[in-house]
Amino acid sequence: MKTPENGQKKYAVSGRKPSWLKKPISSGATWRATSGLIESAGLTTVCKEAHCPNLGECFTRGTATFMILGATCTRACRFCAVNKGTPDVPDIEEPEKIAGAAREMQLSYAVVTSVTRDDLPDGGASHFAKTVVALREVNPGIRVELLVPDFLGDMDALDTVIAARPDVLNHNIETVPRLYSPVRPGAEYKRSLGLFTHAAKHGGIPLKSGIMLGLGEREGEIATVLDDLLDAGVKLLTLGQYLQPGRDQLPVSEYVTPETFAMWRERALDAGFSAVASGPHVRSSYRAEGMADSISMKSGL
């Protein structure tokens, strides 16, 4: 993929948070109902745990991204606000709880992710699979997108997830290879690509990935990552602005302009991605149903 010509687009701005990142505070009956339902069911969402800037918008729309396997991660990624440490034993009733919550929320599309559980023999893959089964048993016709960790490269664990037949399989590449050490200690760029390559050969499931911009990556590096994802079989892509969720996480290197996000969207589509969501507030599961709908229409499903 070619990088932008010098001077074609202003790549980023530095300094204080720009105006385009401001979002209105959301509230209202639907927001309260969504929040109350999740709390009363004893469920965890990545929306809250990761301090997602879209929480208010999504809760107001009656949606949320469920986070399974607890709220404590065994990795120490420096971009993420999720608690790090020794996790609790997985809740065996969690799949049914999520299925019930999805029914009450009247979801037609559910997104499920997890903390990374390197302490579990299969990395939590069987728990993902059980959650898909429970969601479909309680909510006939529901579509399910899974946002999974890398399972330490365990392809048997990945096959367990593939066997559950999620409608979309998502795994975030997050950043460029050069920044993996400071941004994603414990992760490996080639390991994540290998997950996609395996899934593309054995799954027949639409593959999705996401990249954060604003961590100090270079234009040529972004282009290379997009090429690598395409080569690995990924067809759905999200690009969003990294925002420092707290003092303990990495600072923002630059704020990428909306125009640059739009440019990368067009270039990614031209390169061969089937659907691309690219913008300052875009996150991996942000309006995920709309992206799934777009590929369904293209494929005639």
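Position numbers for residues start from 1 in each chain and track the written sequence from start to end. Thresholds applied to this predicted model are a pLDDT of at least 70 for local features of residues and 80 or more for the giving and counting of side-chain atom pairs; totals over whole chains, interfaces and linings are not thresholded and use all residues. Excluding hydrogens and water, the side-chain figures rest on all heavy atoms present in the structure.

(A) Looking closely at the overall build of the protein chain. On a plain count of helices and strands, the protein chain comes out with 11 helices and 11 strands. Each principal axis of the C-alpha atoms in the protein chain carries an extent, and together these give about 55 × 45 × 45 Å. Buried positions account for 52% of the 301 residues belonging to the protein chain. Residue burial considers only the protein chains on display, and all accessible areas are found by Shrake-Rupley using a 1.4 Å probe. Element-wise, carbon and sulfur atoms account for 50% of the exposed surface of the protein chain, whose accessible area totals about 13500 Å². Under the counting rule used here, the positive set is Lys and Arg, the negative set is Asp and Glu, and His together with the chain ends is not counted. Think of each charge as sitting on NZ of Lys, CZ of Arg, CG of Asp or CD of Glu. Of the side chains in the protein chain, 34 bear a positive and 35 a negative charge, and the two mean positions are spaced by 6 Å. Helix and strand definitions here come from DSSP, where helices need a minimum of 4 consecutive H or I residues and strands a minimum of 2 consecutive E residues; each element is numbered from the N-terminal end. Buried, partly exposed and exposed residues are distinguished by accessible area as a fraction of the type maximum, computed with a 1.4 Å probe on protein chains only: under 20%, between the cut-offs, and over 50%, respectively.

(B) Fine view of the pairing of strand β2 (residues 65-68). Along β2, one buried face is formed by T65 and M67 and the opposite face, lined by F66 and I68, is buried too. Bridging between β2 and strand β5 (residues 109-114) involves four bridges; their strand directions are parallel. In the sheet register, I68 faces β5, and the bridge partner there is S114. In this description, strands pair whenever DSSP reports at least two bridges between them.

(C) Summary view of helix α10 (residues 258-271). Residue count minus one, scaled by 1.5 Å, sets the expected span of a helix. End to end, α10 covers 20 Å across 14 residues, agreeing with the expected 20 Å (1.5 Å per residue, within 8%). Of all the positions in α10, only T260, F261, M263, W264 and A268 are classed as buried. Angular distribution of buried residues about the axis of α10 spans 155°; they occupy a single face of the element. By the convention used here, residues are in contact when the closest approach between their heavy atoms is within 4.5 Å. Residues of α10 that are buried make contact with β8 (207-213), α9 (219-231), β9 (236-241), β10 (255-256) and β11 (275-278). With its phi angle positive at about 135°, G272 sits one or two positions after the end of α10. When we speak of the arc, we mean the arc of directions from the helix axis to the C-beta atoms.

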